[in-house]
Amino acid sequence: MKFFVCCKQVPDVAMAFQIKDGELQKDDLNYVLNAYDASAVEESLVIKDAVSELDLSLVLMGAEKGKEALRKGLAMGANDAFHIEDDAFEGSDSHAAANVLEAFFKDKEYDAILCGKQSQDMDMGLTGGLLAEKLNIPYVTNAVGLEVNEEAKSILVTRQGDAGQEKVELSFPCIVSCSNDMNEPRIPSLRGIMQSKKKPMNKVSVADLGLATDAVGKSGSKSTLLSMDFPKARKAGEKFEGEASELVSTLIDKLTNEAKVL
Amino acid sequence: MNFALTEDQKMVQDMARDFAKSKIEPVAMALDESHEFPEKLIKEMGELGLMGVNIPEEYGGAGFDTVSYSLAVMEIAKGCSSFAVTMSVNHLVCEIIRLYGSEENKQKYLVPLASGEALGAFCLTEPQAGSDAQNQKTTAKLSGDDYILNGKKAYITNGTYSNVFIVTAVTSDKDAPKKEISAFLVEKDAEGLILGKPEHKMGQCASNTIEVTLENVRVPVANMLAGTNGFKVMMNGLNSGRIGIASLCCGLSMAALDEALAYAAERKAFGKPLNRLPVIQDKIAEMGTLLEASKLMTLNAAFVKDSGSNYAKTASMAKYFAAENCLKIVDEALQIHGGNGYVREYKIEKLYRDARITSIYEGTSEIQKVVIARQMIR
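Residues numbered from 1 in each chain as written. Chains lettered and ligands numbered in written order. Predicted model: local features only at pLDDT ≥ 70, side-chain atom pairs only at ≥ 80, totals over all residues.

## As for the overall build of chain B
Phase 1 of the analysis: Scanning chain B from N- to C-terminus turns up 10 helices and 10 strands.
Phase 2 of the analysis: Rg of the C-alpha trace for chain B: 21 Å, near the compact-globule value of 21 Å for 378 residues, within the 12% margin.
Phase 3 of the analysis: The principal-axis extent of the C-alpha atoms belonging to chain B is close to 80 × 45 × 40 Å.
Phase 4 of the analysis: At a minimum sequence separation of 6, the contacts of chain B that also span at least 24 residues come to 73%. (Helix = DSSP H or I, 4+ residues; strand = E, 2+ residues; numbered from the N terminus. Rg over C-alpha atoms; globule rule 2.2 N^0.38 Å. Contact = placed C-beta atoms within 7 Å.)

Shown next, in the form of structure tokens:
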């Protein structure tokens, strides 16, 4: 079996962010493997532990620094990695990213492509779906559990829906986007980190993929990020004390005249 | 000069940070209360390679450099310094065996210690010999192919849970013109090795500290390290140990500064958050600067060790500076918390108690200055 996990490197959301003139200040940020992608790697490794011949590759599109995220996945236990790196990617949205990934996967053989259900930085949740459409293969979102059936060449996905969990069977090849509720990604051992240096890290450029430079970056995108800002600070709530009958009329008055929701 | 961490060093740092955040921090306050040694988590640290970070792979270690080791101790200490001191002492024992053990010693003792299958303890201090380490009373007398060890060792970290003890003892006769001290590898099951009850300590309560008594303990000659150059073993062991404890001080200070910053952002006084008050900003700036200097000195000592140069002075300077400033940083962090910092509900109260030992163990600040001055005045 052959699985791929699509990875993204994102700013560590536990750190404090700074925005200046509508732009995220990137200098002091620490970058990490997107948590949802880490769950996809972990779930693949759980399957790999049970099905030893599973070959797990990682693919990441992004700047040179992105190889750190790939090395983490390799340290966790993936077999090899593909780093699609090109200056032409600057400003890519999910559509442009899906163009690149489509070009990458078109000559690859695989049973399943896993990805995080969204990235922690932009929270769009689009790339997996767009890629499935472009590759014309089945797709299930928000997976919280995976069971592989090697004989039937299929995967049983437990997905979290609004009203409960659903089980969906997909035939290979397919794409599954993973929730971080699926598992707790393993912490790579130091031995794993050391071994990750020796695992293949394949560099891929836009030219290698046969893509025109206008299919990626800003020109290949269908949306443009104009500016960023912090959410407005919420005002503290008001607390009323007293007799119930008075409180009800005070509350109705506030909701009617101040909040204007009644 | 280049102060940037390598990709490997960053990965080790991130990994230790992940472990500290997800496994240590959630249990640190409860362990402080119960004084329980986290045997299972220490084992887990060993499985991840954190008990032999800078020991070569062929001897069971992870094979990273001392800078990586220092970064890992900082992150683990930020989670809880009890875990970091357990880790630091194990590394000290590993380092001594790596430097002075025979190939047989390395295979038998270093491999399990560095791979986390076993834990080590360093038995130097005695009830009457702390800073005055030369005043050892534990003796080792040759008897056939064995040495017979007798004496008492105090404040032995990891003692109850250790599989291997490095014990220093006087090998020269009482009336010999020069006192000779040697170091021996003693197994936990050795007959006559008596482990005392854990000390009830002020801080670092989840680390294990006991008294060890040796009553006619037989140790094979093959387990003697560096012959009668035991003092050299002690000093070199302590030099490497000082990098571990300096790193621990940095991690503890990082935790205290984080607590102070969070509290100063949340707590209001005079109509604004504390962190908007110049008097608090002054404290924060001072704490941040001292911590930055401590980290630089500690990583520099690790770098000097990695470069193969004599690092005795830089390690002592780092340990002295990082420990003294750790005390200042936790004190100011507690001051920012006001009365709340004095109650156990707040983490800073634990950090304050945990910090106090740092200027005492692995050589007091006073002894560090002696070492530093000796290296400077030739």
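## Some details on the nonpolar core
The nonpolar side chains of soluble globular proteins are, as a tendency, buried together.
Phase 1 of the analysis: Residues V5 and V176 of chain A together with I76, V93 and F184 of chain B are the most contacted members of the largest nonpolar core, which totals 185 residues.
Phase 2 of the analysis: With 16 residues, helix 6 (residues 230-266) of chain B is the single largest residue contributor to this core.
Phase 3 of the analysis: Excluding residues within four positions of it along the chain, V176 of chain A makes contact with A112, L114, V140, A143, L146, I155 and V157 of chain A. (Core = buried A, V, L, I, M, F, W, Y, C linked by C-beta atoms within 7 Å. Buried ≥ 20, exposed ≤ 12 C-beta atoms within 10 Å, placed from the backbone.)

## What to know about the interface of chain A and chain B
Phase 1 of the analysis: Between chain A and chain B, the residue contacts involve 10 residues of the former and 15 residues of the latter.
Phase 2 of the analysis: Elements represented by at least two residues in the side of chain A that touches chain B include exactly helix 2 (67-76) and helix 5 (190-196) of chain A.
Phase 3 of the analysis: Counting residues per element, the side of chain A that touches chain B draws most heavily on helix 5 of chain A, at 4 residues.
Phase 4 of the analysis: Across the side of chain A that touches chain B, the residue classes tally to 6 nonpolar, 1 polar and 3 charged. (Nonpolar A, V, L, I, M, F, W, Y, C, P; charged D, E, K, R; others polar.)

## Brief notes about the pairing of strand 8 (residues 112-116) of chain A
Residue and element names in this part refer to chain A.
Phase 1 of the analysis: With 5 of its 5 residues buried, strand 8 lies for the most part within the structure.
Phase 2 of the analysis: Here strand 8 shows no split at all, with A112, L114 and G116 on one side and I113 and C115 on the other all buried.
Phase 3 of the analysis: Of the strand pairs in this sheet, strand 1 (residues 2-7) and strand 8 are connected by 4 bridges, and their pairing is parallel. By the bridge assignment, F4 is partnered in strand 8 with I113.
Phase 4 of the analysis: Note that strand 8 and strand 12 (residues 174-178) share 5 bridges and pair parallel. What sits directly across from C115, in strand 12, is S177. (Pairing = 2+ DSSP bridges.)

## Things to note about the environment of A112 of chain A
Residue and element names in this part refer to chain A.
Phase 1 of the analysis: Relative to the helices and strands, A112 is located in strand 8.
Phase 2 of the analysis: Here the alpha-carbon distance between A112 and D12, two residues 100 residues apart in the chain, equals 28 Å.
Phase 3 of the analysis: If sequence neighbours within four positions are ignored, A112 has contacts with F3, I155, F172, P173, C174 and V176.

## What about the packing of helix 3 (residues 66-79) of chain B against helix 7 (residues 278-306) of chain B?
Residue and element names in this part refer to chain B.
Phase 1 of the analysis: With their axes 8 Å apart at the nearest point, helix 3 and helix 7 run at an angle of 150° to one another. Regarding the angle of helix 3 to helix 7, the classification is roughly antiparallel. Relative to helix 7, helix 3 is oriented so that their crossing is right-handed. The residues of helix 7 that touch helix 3, namely those facing T66, V67, Y69 and S70, are T298, L299, A302, F303, K305 and D306.
Phase 2 of the analysis: When the residues that make up the contact of helix 3 with helix 7 are grouped by side-chain class, the tally is 5 nonpolar, 3 polar and 2 charged. (Axes fitted to C-alpha atoms, helices over the stretch in contact; angles between N-to-C directions. Parallel < 35°, antiparallel > 145°, perpendicular 65-115°, else oblique. Left-handed = near helix turned anticlockwise from the far one by under 90°.)

## Regarding the pairing of strand 7 (residues 80-84) of chain A
Residues and elements named next belong to chain A.
Phase 1 of the analysis: Buried residues dominate strand 7, accounting for 4 of its 5 residues.
Phase 2 of the analysis: Across 5 bridges, the pairing between strand 6 (residues 55-61) and strand 7 is parallel. Counted as the bridge partner of S57 is D80 from strand 7.
Phase 3 of the analysis: Each parallel crossover has a hand, and for strand 6 linked through helix 2 to strand 7 it is right-handed.
Phase 4 of the analysis: With 4 bridges joining them, strand 7 and strand 13 (residues 201-204) adopt parallel strand pairing. Paired with A81 across the bridge in strand 13 is M201. (Right-handed = clockwise from strand over helix to strand, strands pointing away.)

## What about the sheet that holds strand 7 of chain A?
Residues and elements named next belong to chain A.
Phase 1 of the analysis: On the basis of which strands lie adjacent, the open sheet formed by 9 strands has the order 11-10-9-12-8-1-6-7-13 and mixed pairing. Of all strands in the sheet, those with a lone pairing partner are strand 11 (165-171) and strand 13, marking the two edges. Taken over all neighbouring pairs, the strand axes of this sheet differ in orientation by 30° on average, direction set aside.
Phase 2 of the analysis: Where helix 2 meets the sheet, it contacts strand 1, strand 6, strand 7 and strand 13, and its direction lies at approximately 165° from that of strand 7.

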